[in-house]
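Structural overview for review
Here is how the chains run, residue by residue.
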Amino acid sequence: MDILRLATAGSVDDGKSTLIGRLLYDTQTAFEDQIDAVARASRRTGGDGEQINLALLTDGLKAEREQGITIDVAYRYFATPRRKFIIADTPGHVQYTRNMVTGASTAELAIVLVDARGGMTEQSRRHALLCSLLGVPHLVLAINKMDLVDYDEAAFRAIDQEFSRFSERLRIPDLSVIPMSALEGDNVVQRTTKMPWYEGPSLLHHLETVHVAADTNLIDLRFPVQYVIRPQTTEFHDYRGYAGKIATGVIRVGDEVIALPSGMTSKVTAIDSPAGPVEEAYAPMSVTVRLADDIDLSRGDTLTRVNNQPRTTQDIDAMVCWMAPEELRPGMRVLVKHTTRTVPALVKDIEYRMDVNTLHRAGADSLGFNDIGRIRLRTTQPLMCDDYQRSRQTGGFIVIDPTTKRTLGGGMIRLP
Amino acid sequence: MTTTMRLSHLAALEAEAVHIIREVVAETEQPGLLFSGGKDSVVLLHLAKLAFWPARVPFPVVHIDTGHNFPEVLEFRDEYVEEIGVRLIVGSVPEALAAGSLREPAGNVSRNALQTPVLLETIQKHRFDALFGGARRDEEKARAKERVFSVRDEFGQWDPKNQRPELWDLYNGLLEPGASMRVFPLSNWTELDIWQYIADRELALPPLYYAHERAVFERDGMLFADNEFLPRREGEDIRMEKVRFRTIGDATCTGAVRSDAVTNEDVLAEIVASRLTERGATRADDRVNETAMEDRKREGYF
């Protein structure tokens, strides 16, 4: 059994909470005490009494309940005999773009919800764009509320085609379009008989079977050193291990490796994993690597291969999603955390701001809260990076305020 | 070749937790690990051991002792800490009460509310800037929205509306002076994952987690162990039952469930069949109201 990490985007109006509630309820993940609590709340908020409001299963913080909105990313868990699922449940409104970006950053699959009655909206276009920008490899367009259009095939086809035209400008490696009714449970867990014209799987069946193993980059070895382990005990007197999480690729005992930025080479003599010594390890394992030589290598450095290296550079060209009230402007000094390396950097230039609804690019002097734009940074020390679309692990970075230490935004590196 | 290179769910959760633990040690000055002897903290301390093997765990463990603990748990705590070879720091509610820095509200036997000030005092005294906790997001709805690296202000308070965005696996471990962090490496684990991991890695737990004969009485639909800290009310008769505990906390607010599960496999089968969340089944402290956990966290609780 493996884990599938997914993100859902949409608003309460699209039936997103009902959809997640339905998944939890129908896979028997929701527990009786949770369902009781929801049934009590359904009566209190004036639901129609008989039917429990599944959306309340995903209810969160006090302020959210008071305002009837979702503010922050909530993480939900459910499992079937085939897979464990981690859902990053993100709010849909434009002022919460940053939360959706957070949820999408780790997702292998994203579900974008569309109301069958209204078709594509600005919001659904924005969600698809963000998934493409964040490099989510699998997208499900969930055309919901089919019960309200009498399960009509033509309504489904029209939205499907509209989305296809829009998504030609995006990078979506794998797209599935599923008609459903979360409220009625059609095509969520069980395939429905009400839409004989649809031959595809139910949403859950798709989630259980979607092939994600090939999405992990096992080609380019990148091992950012996180921590150096030196026990200095009698038993392990000479032990010196480089601990870290393999960002991408595979590492084997006997491999020739090069340390960056020093450029010194050595050979892997042993790999220790949580399960004991192993001959090979692959992304995203957390391991400790030992080398034949005592070379200059510490936290923030990267072990890689001589003939397949990341770009070592101080000039960063990136798309950023800005997540703080204070504006991003040229000349601003920030900290950049990339893999295990945190370095001071200077914002050189803002090339454009992207309209997340239309993909239109416009010149900009600054980026505000929830804006997405292309910028150039100059770092005080080199970063060992890859293009984000090739590796989210070595292509992504966060921007930190050097004074308040708050996280200001996330960036996706573009290499020419 | 590539299709076999996919981690099982337990291996993936383990790798993620080890990464988080190492990241905290690399980025903070004075980390510590909150250890109660409960199953989640046992898994957490085990992962900390793996993260730095063959070196020692490079930080102390901290226990906030309410003075209302099950003796079996304290015994287990001391043995496990000894076995791992870490230093144990105890923040004691009874000591704080005796010293007068804390007062017990009249008529209230649960010391849950008293834990928070003692925790904050212990953090301050030992200058911890990061404390690991074994909390999981599946436990409770306020936890479902908390970050892995959860920043607390100088009063230890959590502000759910002002959390740092947490992208990819790039955790921001930097802090403003005075602030501190609670870090939850088990965020993405469920109760079932914890038990599968315990069974798979053969981790030892306090005996309370497995079915045993115990003198209990019933209150508010929950079974409580007869113990010196919890005065019985009228009509609450003691009887012997075969029970086990799904969570272990303060003896005054942690209930037991009827069970025949004596092995890890039995427990796993029981959890799969269970229709109640572990907190719903056995924690009186979360039953107070719908936002009990959120309110306590805002005040500095884990």
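Residues numbered from 1 in each chain as written. Chains lettered and ligands numbered in written order. Predicted model: local features only at pLDDT ≥ 70, side-chain atom pairs only at ≥ 80, totals over all residues.

1. Focus on the overall build of chain A
Looking only at helices and strands, chain A has eight helices and 23 strands in total. When the 416 residues of chain A are sorted by exposure, 50% land in the buried category. For chain A, long-range pairs separated by at least 24 residues make up 70% of all intrachain contacts whose partners lie at least 6 apart in sequence. (Helix = DSSP H or I, 4+ residues; strand = E, 2+ residues; numbered from the N terminus. Buried ≥ 20, exposed ≤ 12 C-beta atoms within 10 Å, placed from the backbone. Contact = placed C-beta atoms within 7 Å.)

2. Let's talk about the overall build of chain B
Assigned secondary structure in chain B consists of nine helices and ten strands. Burial status across chain B gives 52% buried among its 302 residues. Sequence separation of at least 24 residues holds for 76% of the intrachain contacts in chain B that already meet a minimum separation of 6.

3. Thoughts on the interface of chain A and chain B
Taken together, the contacts link 56 residues of chain A with 47 residues of chain B. Residue composition of the side of chain A that touches chain B, by class: 29 nonpolar, eleven polar and 16 charged. (Nonpolar A, V, L, I, M, F, W, Y, C, P; charged D, E, K, R; others polar.)

4. Considering the confidence of the model for chain B
With 88% of its residues at a pLDDT of at least 70, chain B reaches an overall mean of 86. Least confident of the elements in chain B is helix α8 (residues 278-282) of chain B, whose mean pLDDT is 61; most confident is helix α1 (residues 9-27) of chain B, at 97. (pLDDT = per-residue confidence, 0-100.)

5. Some remarks on the domain arrangement of chain B
All names here are of chain B. Here chain B is partitioned into domain 1 (8-192 + 291-298) and domain 2 (205-286). On a C-alpha basis, the centres of domain 1 and domain 2 stand 24 Å from each other. Each side of the interface is counted separately: domain 1 has 22 residues, and domain 2 has 19 residues. Among the secondary structure elements, those contributing two or more residues to the side of domain 1 that touches domain 2 are α2 (39-52), α3 (71-84), α6 (191-201) and α9 (292-298). Sort the elements by how many residues they give to the side of domain 1 that touches domain 2 and α3 lands first, with three residues. Classifying every residue of the side of domain 1 that touches domain 2 gives eight nonpolar, eight polar and six charged. (Domains from an automatic or database assignment.)

6. Details of the domain arrangement of chain A
All names here are of chain A. Partitioning chain A into domains gives domain 1 (2-215), domain 2 (223-304) and domain 3 (311-413). Each side of the interface is counted separately: domain 1 has 15 residues, and domain 3 has 13 residues. Looking at the side of domain 1 that touches domain 3, the elements that each hand over two or more residues are α4 (97-105) and α5 (122-133). When residues in the side of domain 1 that touches domain 3 are grouped by element, the largest group, six residues, is from α5. When its residues are assigned to classes, the side of domain 1 that touches domain 3 shows five nonpolar, four polar and six charged.

7. Topic: α1 of chain B
Between its first and last C-alpha, α1 of chain B extends 27 Å over 19 residues, near the 27 Å set by a 1.5 Å rise per residue. Extensive coverage of α1 of chain B is indicated by the burial of 16 of its 19 residues. (Expected span 1.5 Å × (residues − 1).)

8. Examining the sheet that holds strand β4 (residues 130-132) of chain B
All names here are of chain B. Pairing is mixed across the open sheet formed by six strands, whose spatial order is β3-β2-β1-β4-β6-β5. What marks the edges here is a single partner per strand, and that holds for β3 (88-92) and β5 (149-152). Within this sheet the neighbouring strands show an average axis-to-axis angle of 30°, counted without direction. Lying over the sheet, α2 contacts β1 (31-34), β2 (61-65) and β4, oriented at roughly 145° with respect to β1. (Pairing = 2+ DSSP bridges. Axes fitted to C-alpha atoms, helices over the stretch in contact; angles between N-to-C directions.)

9. Some remarks on α5 of chain A
Residue and element names in this part refer to chain A. Here α5 contains twelve residues, and its C-alpha end-to-end distance of 16 Å stays within 8% of the 16 Å for a straight helix at 1.5 Å per residue. All of the buried residues along α5 are Gln123, Ser124, Arg125, Arg126, His127, Ala128, Leu129, Leu130, Cys131, Ser132 and Leu133. Positive phi appears at Gly135, one or two residues downstream of α5, with a value of about 75°.

10. A short note on the pairing of β2 of chain B
All names here are of chain B. Among the five residues that make up β2, four are buried, leaving the element largely enclosed by the rest of the structure. Note: β1 against β2, two bridges, orientation parallel. Bridge pairing links Leu34 to Val62 in β2. Following the chain from β1 across α2 to the adjacent parallel β2, one finds a crossover that is right-handed. Alignment of β2 against β3, held across five bridges, turns out to be parallel. Directly across from His63, in β3, lies its bridge partner Val90. Handedness of the crossover is the feature at issue here: the chain leaves β2, passes through α3, returns alongside β3, and the resulting connection is right-handed. (Right-handed = clockwise from strand over helix to strand, strands pointing away.)

11. Observations concerning the sheet that holds strand β4 (residues 109-115) of chain A
All names here are of chain A. The strand order across the open sheet formed by six strands is β2-β3-β1-β4-β5-β6, and the pairing between neighbours is mixed. Two strands in the sheet have a free side with no partner beyond their single neighbour: β2 (74-79) and β6 (174-179). Within the sheet, the average angular offset between the axes of one strand and its neighbour, ignoring direction, is 25°. The pairing of strand β1 (residues 2-9) with β4 spans four bridges and is parallel. Following the sheet pairing, Leu6 is matched in β4 by Leu109. Running over the sheet, α5 touches β1, β4 and β5 (138-144) and is turned about 170° from β4.

12. Details of the pairing of strand β19 (residues 341-354) of chain A
Residue and element names in this part refer to chain A. Here six bridges tie strand β18 (residues 333-338) to β19, and the two strands are oriented antiparallel to one another. Among the inter-strand pairings, His338 is bridged to a residue of β19, identified as Arg341. Hairpin connection from β18 to β19: two residues lie between these consecutive antiparallel strands, with Thr339 at a positive phi of about 45°. With eight bridges joining them, β19 and strand β21 (residues 372-385) adopt antiparallel strand pairing. Directly across from Ala345, in β21, lies its bridge partner Thr379. Across two bridges, β19 lies against strand β20 (residues 361-362) in antiparallel orientation. Across the sheet, residue Met354 finds its bridge partner in β20, namely Arg361.

13. A look at the packing of α2 of chain B against α6 of chain B
Residue and element names in this part refer to chain B. Look at α2 against α6: their axes get within 10 Å of each other, and the N-to-C directions meet at 55°. One finds that α2 runs oblique with respect to α6. Pair α2 / α6 crosses with left-handed handedness. Across the interface between the two elements, Lys39, Asp40, Val43 and His46 from α2 touch Ile194, Tyr197, Ile198 and Arg201 from α6. Here the contact of α2 with α6 is built from residues that sort into four nonpolar, one polar and three charged. (Parallel < 35°, antiparallel > 145°, perpendicular 65-115°, else oblique. Left-handed = near helix turned anticlockwise from the far one by under 90°.)

14. Side note on the nonpolar core
In this structure, Ala104, Ala110, Val112, Ala142 and Ile143 of chain A together with Ile21 and Leu33 of chain B are the most contacted members of the largest nonpolar core, which totals 181 residues. Beyond its immediate chain neighbours, meaning those up to four positions away, Leu33 of chain B contacts Leu44, Leu45, Ala48, Phe59, Val61, Val62 and Phe132 of chain B. (Core = buried A, V, L, I, M, F, W, Y, C linked by C-beta atoms within 7 Å.)

15. Focus: the environment of Gly85 of chain B
Within the fold, Gly85 of chain B resides in the loop between α3 and β3. Taking the C-beta count within 10 Å as the criterion, Gly85 of chain B has 9 such neighbours and is therefore assigned exposed.

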